[in-house]
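Each chain is listed here by its residues.
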Amino acid sequence: VLELLRGVQRGSEDRKGSLSRLRWALQNKETQQKFVRLDGSIRTLIGLFTSSLADMQMEAGRCLHELSHSSDPAVAEACLPATSYLLTYLSGHSVEFTELCLYTLGNLVVESEAVRKQLLPQGIIPVLASCIQSPHEAVLEGLGYVLSQLLQAKEAPAEIIPLVLDSVLPQHMLRLVCSGLKAGIGAAVEFAWCLHYIVCSHTASTALLSLGALPALTALLLDLASDIPQDAPEGLELLVCPVLRCLSNLLAEETGCEVQIQDERLLITIFLIMQCFFQQHPFIVQECLWLLNNLTADEPFFCSALLSLDLLPALLQLLPCSQMASVLVLMVLCNIAVKGPAYCQQLHQHAALPLLLPTLALPDPEVVGQCLELLHLLFLHCPEAAADFVKQGGHQALEQHQHTPQLQERARALLDMVGKPLGAPTFSPCHTTLSAFS
């Protein structure tokens, strides 16, 4: 490494070759740490990075990029003197060089708070805002990468997100996400995650809602779902996931915003997405169920639509999928049941009870507890459901939970209810919106 550095410093005819070999050497973690400790190493790299020779600039930039991959904060901090130049070069040069600078910045901000603290006063947010109208997919994807790394920093809610919201970035990010795949799936995915991180700061949700994020993301989801059965591009699930999360969190944050998207096509879209991704990407099912829960939590429109569109059988089929899927399906069913007798009658008519009995036998207290919540609502609003439950052996299923600490109170209350056709309720139903994973 020392010999390569000397070759670069001497300005020999093979300087570019020395730089190229140095770049390959810097892929090694120990080599990176040794290099930054050598006297004048970073200064020499920056000198070549800022030279007027394009090929030297590119090779020196690639060396800095290799250093930026280090997980050692000391290596990232050694690159601090390069940050102002990396920002400056985002406004010119070739697309390849701009892309290289973006990914180098993105890597550096991940590992070092000191780098982030230096970049903010250097004006990284305005510089990134000037890049977002680039026509080049590679530049947009790199820009999305830098932003997503910044927005995940621990200081992002207090120091970074306010600066982003004061810029043109949110509306352009929303535009690029909602243009679907026109900007390239990589860029769309990165910007969708950026929107998600902004929403997860809670206080920023209002800003996105004012930009029309709910109807825009809903329309995008409808468009994406319409293409899935034909020729869905590879990696589409990576875009669908943050879009679902954004919608879920926006619904959880803003009361009454469901009114803005009273479109039953959204329900059909959610079930289409679950059907298409169920086998290869089951995590998408969980994301869809989070959204479905938040749609049905307060607004009866989606509860009625789910029943009228005959989507209940498809929902019930998801009960055995996984622990989290079971909990979420049961929560959606509770959201429907809490709306009253007419809804509970329909749940009973769709043969929900036979599917709930095996659920009661599961060893997971969270799943069983949610199942007990649903049974309470059904028995309260539909006494014939209680009678049928006893006929199907439900009494014995409840008795096994009488001595489980987390469940015994609710199990005993239900045993009282099935003994009395109109037993008084002993615990309150829970129907609330949930924030998706942050």
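Conventions we followed
Residues numbered from 1 in each chain as written. Predicted model: local features only at pLDDT ≥ 70, side-chain atom pairs only at ≥ 80, totals over all residues. Heavy atoms only, no water. Phe/Tyr/Trp six-rings, centres within 6.5 Å; stacked < 30°, edge-to-face > 60°. Buried < 20%, exposed > 50% of the residue type's maximum accessible area, 1.4 Å probe, protein only. Helix = DSSP H or I, 4+ residues; strand = E, 2+ residues; numbered from the N terminus. Axes fitted to C-alpha atoms, helices over the stretch in contact; angles between N-to-C directions. Parallel < 35°, antiparallel > 145°, perpendicular 65-115°, else oblique. Left-handed = near helix turned anticlockwise from the far one by under 90°. Contact = heavy atoms within 4.5 Å. Nonpolar A, V, L, I, M, F, W, Y, C, P; charged D, E, K, R; others polar.

An unreviewed UniProt entry lists the chain under the name TMCO6 protein, with Heliornis fulica given as the organism.

Observations regarding the packing of aromatic side chains
Enumeration over the complete set of coordinates arrives at seven aromatic pairs. Both rings, one in tyrosine 89 and one in phenylalanine 97, keep their centres 5.5 Å apart while their planes meet at 55 degrees; by these two values the pair is tilted. Neither residue differs from the other here; tyrosine 89 and phenylalanine 97 are each classed as buried. Ring centres of phenylalanine 379 and phenylalanine 389 lie 5.2 Å apart, and the angle between their planes is 55 degrees; on these two criteria the pair is classed as tilted. With phenylalanine 379 in helix α25 (residues 365-381) and phenylalanine 389 in helix α26 (residues 383-391), this residue pair connects regions lying 10 residues apart in the sequence. Judged by relative accessible area, phenylalanine 379 falls into the buried class, the value being 1%. By way of ring pairs, the aromatic residues Phe49, Tyr89 and Phe97 are connected into one cluster.

Some remarks on the packing of helix α13 (residues 169-178) against helix α14 (residues 185-199)
Two elements in contact, α13 and α14, have axes whose closest approach is 9 Å; the angle formed by their N-to-C orientations is 130 degrees. Here α13 lies oblique to α14, going by the angle between them. By crossing handedness, the relation of α13 to α14 is classed as left-handed. For the pair α13 and α14, the contacting residues are Pro170, Met173, Leu174, Leu176 and Val177 in the first and Ala188, Phe191, Ala192, Cys194, Leu195 and Ile198 in the second. In the contact of α13 with α14, the residues fall into 11 nonpolar, no polar and no charged.

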